[in-house]
Amino acid sequence: MIKKEDVEKVRAAADLYDIVSATVTLKPSGTGTFVGLCPFHDEKTGSFNVRPSLGVWHCFGCGLGGDVFKYVEQAENIDFREAVELLADKYHIELHYENSGNGSGRPDGTGSKRTRLLEACEEAQRFFVSQILTQEALAARKLLGGRNFSQADCERFGCGYAPQGWDNLVRHLASKGFTQKEILDAGLARQGQRGIYDYFRGRVTWPIRDSTGRTLGFGARKLYEDDQIAAKYINTPDTQLYRKTQVLYGIDLAKSSIVKKRQVVIVEGYTDVMAMHLAGIDTAVATCGTAFGAEHAKIVRRLSPTILWEPFSWSALKVKDQPLSSRIVFTFDGDAAGQKAALHAFGLDSAFLSQTFVAVADDNLDPCDLRIQRGNEAVRSLIANAKPLYDFVIDTAIARFDLTYTPGQVGAMKAVAPLVAQIRDRSLWDAYARKAAGRIGVELEVMRREVMDARRRMQVRDDDAYAPKRRFQSEEPRLEAGANPYANPAARKALERRDAKEQAYFKIDDAVFIAEQQFMATLIQVPRAIDRTMFGQLTIDHFMSPVFRTLFQAISAAGGLPNTDTPQGLWMHNLTKAGGPMLDQVINELAVMPLPLPGDDTGKGAQPPQPATQGIPAAEVQLRPPTKEEQRYASELLTRLLDMGFMRQIGLARRRMAQLPDGEEKIALLGQITRMETARKDLQAQVYGNTIG
């Protein structure tokens, strides 16, 4: 087991915002919370919330949540120890283990399996790059040079060379301390009768990286006729790191441009990606030996949600200085294989399709050959003149038939109808039915009937993405433009009720529940806003909702209110540890739940960090001091809870007094009731004074 103090060092060093934003586009959502599309389930509306200042995240869609370790566990499909080791490697922290024999470092000098595989792939990449300038690699340099790629271009894209020898890479990795099993598990070698041997031999190589720049595998092109592998291109086989359906070549280079321009260009090869980027199309990526599918779409969607889950129309969204934005462009070939790939893409999500375009060059040239023959401007023009995928697929289907005669017209209509039927949007499918009928030369009503029959057979749901969406009347009061909604008590109560209803673990429109919920959220997010003296008066009996009674017990088990010098990350860790798995989701939701208060905290990206905390990881920063609004709100909530406690105690005492005969006990109980009523009035006066102040 990793020593506890080392785990806390890693927690303090890890920056949750940086780790999550490497693969998910996060947008500020107030109070230091950021929202994006969940990387763990498919969604079109962002419900994935991150609170960097507290080191927690939670998805209201699928219910997953936790700290930075839990995120890495889920994202990398590894266990807790491997997550700690992976982050320790990232932040250069030495780990010590209990009963490891040597008292320091990793057991037997090895790291987590995933970390070791990543290290093996990175070392292999360095080896391949070092070989590209050798005499043996002349054929590789000629191939790349013949495609108008300079040495600097090759260095930019990480082009390398795998020597022809039997085990050059295996011997190199072994000299660096990697075991045969690690080399095999990384997909860099295969098992033979006489031992393991290099998988990539006598080929040009390209590193396939994730969006953070980590090398997961390789693509390689054949150079020599005597190559024992006949395929022109081969890729790393599926490993713990590499899944061909879940990687896109060039995503590390194109990521920032995809986010900025809200556009992605999908090409079919490594040299095509290079040609696109060198021609100025810096949003280009390529699939690796497989058709573009739903898993690839998820990668793009997480980086640029507006491409796939905002308005359907490609003309609805514009990016400044980017006339062609909010779209996906495929550069299919015009041949049979390209048409088959287009039909495959046609079967993807309808929201994805309506923003998808196809670019086909004259003479079916791929982007790399187009750049060689006609220059960079031709490549840029290819993307600018792309046509919608719907048009491409329908036109391709019609082109297969001779429309001169009736049989050809009927055949074209029968071929096109199922394609048009797959368009869910009634505005679009009717328009395309009309367009296809005119192109084929058949009556519109006949075409519509064929499309409707196909829709019924295929059970296609009918949508209208362009029609105005019905909006339910808001419960929130109307406010003047620019007014502060939190200044109006009625508006604030409406916001409290809205936030309460959004919680997955408990949904109830109840003033008592809301007060307890808001208090717990404030206590978790800004514990320093809670008055210690007043908090000391709270008991479990002040809470009516079972979930908050249990949470109060967990807070007591965690030691109550934290000290002011307690790191924020440690506060959350102690709280979730005390709450256990039963309260894990509750604590995560409360930690990211917006408080009905103006302003923001020091969450990264929402507003610049204060100079005193700049450069310090959020998990290492001490609990931040509360704002005046937070302190006042916390005092008001705490007063409400104490007031409700007094009310219940007074009610119980009055019922008991009614059952007692006249005497000293009844007089004593009456005095107790009087004191509680006086204390309750003082609390109410305090609330009034805070509100006026």
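Note that the coordinates shown come from a computational prediction; the quantities given were computed from them, not determined experimentally.

About the thresholds
Residues numbered from 1 in each chain as written. Predicted model: local features only at pLDDT ≥ 70, side-chain atom pairs only at ≥ 80, totals over all residues. Heavy atoms only, no water. Helix = DSSP H or I, 4+ residues; strand = E, 2+ residues; numbered from the N terminus. Buried < 20%, exposed > 50% of the residue type's maximum accessible area, 1.4 Å probe, protein only. Contact = heavy atoms within 4.5 Å. Areas by Shrake-Rupley, 256 points an atom, 1.4 Å probe, with all protein chains shown as cover. Axes fitted to C-alpha atoms, helices over the stretch in contact; angles between N-to-C directions. Parallel < 35°, antiparallel > 145°, perpendicular 65-115°, else oblique. Left-handed = near helix turned anticlockwise from the far one by under 90°. Nonpolar A, V, L, I, M, F, W, Y, C, P; charged D, E, K, R; others polar. Pairing = 2+ DSSP bridges. Core = buried A, V, L, I, M, F, W, Y, C linked by side-chain atoms within 4.5 Å. Salt bridge = Lys/Arg side-chain N within 4 Å of Asp/Glu carboxyl O. 1 Å grid on protein atoms, 1.4 Å probe; cavity = no way out; pocket = protein on both sides within 12 Å on 5 of 7 lines; lining within 4 Å. Points joined across faces, edges and corners; volume = space filled by probe spheres on them. pLDDT = per-residue confidence, 0-100. Phe/Tyr/Trp six-rings, centres within 6.5 Å; stacked < 30°, edge-to-face > 60°. Lys NZ or Arg CZ within 6 Å of the ring centre and 35° of its normal.

Asks: Just to check I follow, could you spell out the overall build of the protein chain for this structure?
Replies: When helices and strands are tallied, the protein chain shows 28 helices and 16 strands. Here the protein chain holds 693 residues, and 51% of them are scored as buried. Pairs at least 24 apart in sequence give 67% of the contacts found in the protein chain among residues at least 6 apart. Total accessible area on the protein chain stands at roughly 32400 Å², and carbon and sulfur atoms take up 50% of it.

Asks: Would you mind going over the packing of helix α23 (residues 511-525) against helix α26 (residues 568-592) with me for this structure?
Replies: The description of two helices packed together rests on the angle between their axes and the distance between the axes. Contact geometry of α23 with α26 gives a least axis separation of 11 Å together with a crossing angle of 125 degrees. By the angle between their directions, the pair α23 and α26 is classed as oblique. For the crossing formed where α23 meets α26, the hand is left-handed. Contacts between α23 and α26 involve Gln 517, Met 520, Ala 521, Leu 523, Ile 524 and Gln 525 from the former and Trp 571, Met 572, Leu 575, Ile 587, Leu 590, Ala 591 and Val 592 from the latter. Of the residues belonging to the contact of α23 with α26, the class tally is 11 nonpolar, two polar and no charged.

Asks: Would you explain the sheet that holds strand β10 (residues 215-222) in this entry?
Replies: Through backbone hydrogen bonds, the strands of a sheet pair up, either in parallel or in antiparallel fashion. Pairing in this open sheet of four strands is antiparallel, and the strands run β6-β9-β10-β11 from one edge to the other. Every other strand in the sheet has two partners, leaving β6 (160-162) and β11 (233-235) as the edge strands with one partner each. On average, adjacent strands in this sheet sit at an angle of 35 degrees to one another, irrespective of strand direction. Bridge count between β10 and β11: three bridges; the pairing is antiparallel. Bridge pairing links Ala 220 to Ile 234 in β11. Helix α6 (residues 138-145) rests against β6, β9 (203-209) and β10 of the sheet, and its axis sits at about 65 degrees to β9.

Asks: I would appreciate a short explanation of the nonpolar core in the present structure.
Replies: When a protein is soluble and globular, its nonpolar side chains tend to lie buried together. If you look at the biggest cluster of nonpolar residues, it comprises 67 residues, and the most contacted ones within it are Leu 144, Leu 188, Tyr 249 and Met 276. Take this core: its biggest share by element is seven residues, from helix α5 (residues 113-131). When neighbours within four sequence positions are excluded, Leu 144 is seen to be in contact with Ile 132, Phe 149, Cys 154, Cys 159, Val 204 and Trp 206. Core analysis: the second largest hydrophobic core is formed by 44 residues, Leu 54, Ala 554, Leu 590 and Leu 637 among them.

Asks: Even after reading the chapter, I still don't get the pattern of salt bridges, so can you show me in this structure?
Replies: Under the criterion given, the structure shown has 25 salt bridges. Measuring nitrogen to oxygen at the nearest pair gives 3.4 Å for the salt bridge that ties Glu 85 to Arg 81. Note that Glu 85 and Arg 81 are positioned in helix α4 (residues 80-90) at a spacing of four residues, about one turn of the helix. Residue classification places Arg 81 among the partly exposed residues on the basis of a relative accessible area of 39%. We note a salt bridge from Glu 182 to Arg 116, for which the minimum N-O separation is 3.0 Å. Here the residue Glu 182 occupies a position in helix α9 (residues 180-185), and Arg 116 occupies one in helix α5, the gap between them amounting to 66 residues.

Asks: Just checking my understanding: could you explain the environment of Val 329 for this structure?
Replies: On the secondary structure map, Val 329 appears in strand β14 (residues 327-330). Under the relative-accessibility criterion, Val 329 is labelled buried at 0%. Along the primary structure Val 329 and Thr 283 are separated by 46 residues, whereas in three dimensions their C-alpha atoms are 9.9 Å apart.

Asks: Would you explain the layout of surface pockets in this entry?
Replies: To find leftover empty space, one rolls a probe the size of a water molecule over the atoms. Taken as a whole, the largest pocket encloses approximately 1400 Å³ of empty space. Listed by contribution, the elements that provide at least two residues to the lining of the largest pocket are α2 (16-21), α3 (68-76), α4, α5 and α12 (294-303). Of the residues forming the lining of the largest pocket, the biggest block, six residues, is contributed by α12. Of the residues belonging to the lining of the largest pocket, the class tally is 20 nonpolar, nine polar and 17 charged.

Asks: I keep staring at the sheet that holds strand β1 (residues 27-28) and nothing clicks. Help me out?
Replies: Taken in spatial order, the five strands make up an open sheet running β1-β2-β3-β4-β5, and their pairing is antiparallel. Lying at the two open borders of the sheet, with one neighbouring strand each, are β1 and β5 (65-66). Summarising the sheet, strand β2 (residues 34-36) and strand β3 (residues 48-51) pair through three bridges and their orientation is antiparallel. Counterpart to Phe 34 in the pairing with β3 is Val 50. Each of β3, β4 (56-59) and β5 touches α26; the most contacted strand, β4, lies at about 55 degrees to it.

Asks: I keep staring at the confidence of the model for the protein chain and nothing clicks. Help me out?
Replies: Close inspection of predicted coordinates is inappropriate for parts of the model with low pLDDT. Scored by pLDDT, the protein chain comes out at a mean of 80, with 79% of its residues at no less than 70. Predicted confidence is poor over residues 308-317, with pLDDT under 50, and the contacts of this stretch with residues over four places away or in other chains come to 35 contacts. Scored below 50 in pLDDT, residues 600-619 shows 37 contacts in the model against residues more than four places distant or in partner chains.

Asks: Please explain the packing of helix α25 (residues 546-557) against α26 as it appears in this structure.
Replies: One can describe the packing of α25 onto α26 by two numbers: an axis separation of 9 Å at closest approach and a directional angle of 130 degrees. The pairing of α25 with α26 is recorded here as oblique in orientation. Like other packed secondary-structure pairs, α25 and α26 cross with a definite hand, here left-handed. Touching Val 547, Phe 548, Thr 550, Leu 551, Ala 554, Ile 555 and Ala 557 of α25 are Leu 575, Ala 578, Gly 579, Leu 583, Val 586, Ile 587 and Leu 590, all from α26. Among the residues forming the contact of α25 with α26, the class breakdown is 12 nonpolar, two polar and no charged.

Asks: So what exactly am I meant to see when it comes to the packing of aromatic side chains here?
Replies: Aromatic rings considered in pairs are described by the distance between their centres and by the relative angle of their planes. Applying the stated criterion across every chain yields a total of 24 aromatic pairs. Note on Phe 48 and Trp 57: the rings are 5.6 Å apart at their centroids and 40 degrees apart in plane angle, and the pair reads as tilted. Looking at Phe 48, the relative accessible area reads 0%, which means it is buried. Note on Phe 519 and Phe 543: the rings are 6.4 Å apart at their centroids and 40 degrees apart in plane angle, and the pair reads as tilted. Pair noted here: Phe 519 is in helix α23 and Phe 543 is in the loop between α24 (532-535) and α25, with a separation of 24 residues, a long-range link. Given a relative accessible area of 0%, Phe 519 falls into the buried group. On the basis of relative accessible area, Phe 543 is assigned to the buried category, the value being 0%. Positioned above the aromatic ring of Tyr 91, the side-chain terminus of Lys 90 is 5.7 Å from the ring centre. Lying across the ring of Phe 357, Arg 327 places its NZ or CZ 5.0 Å from the centre.

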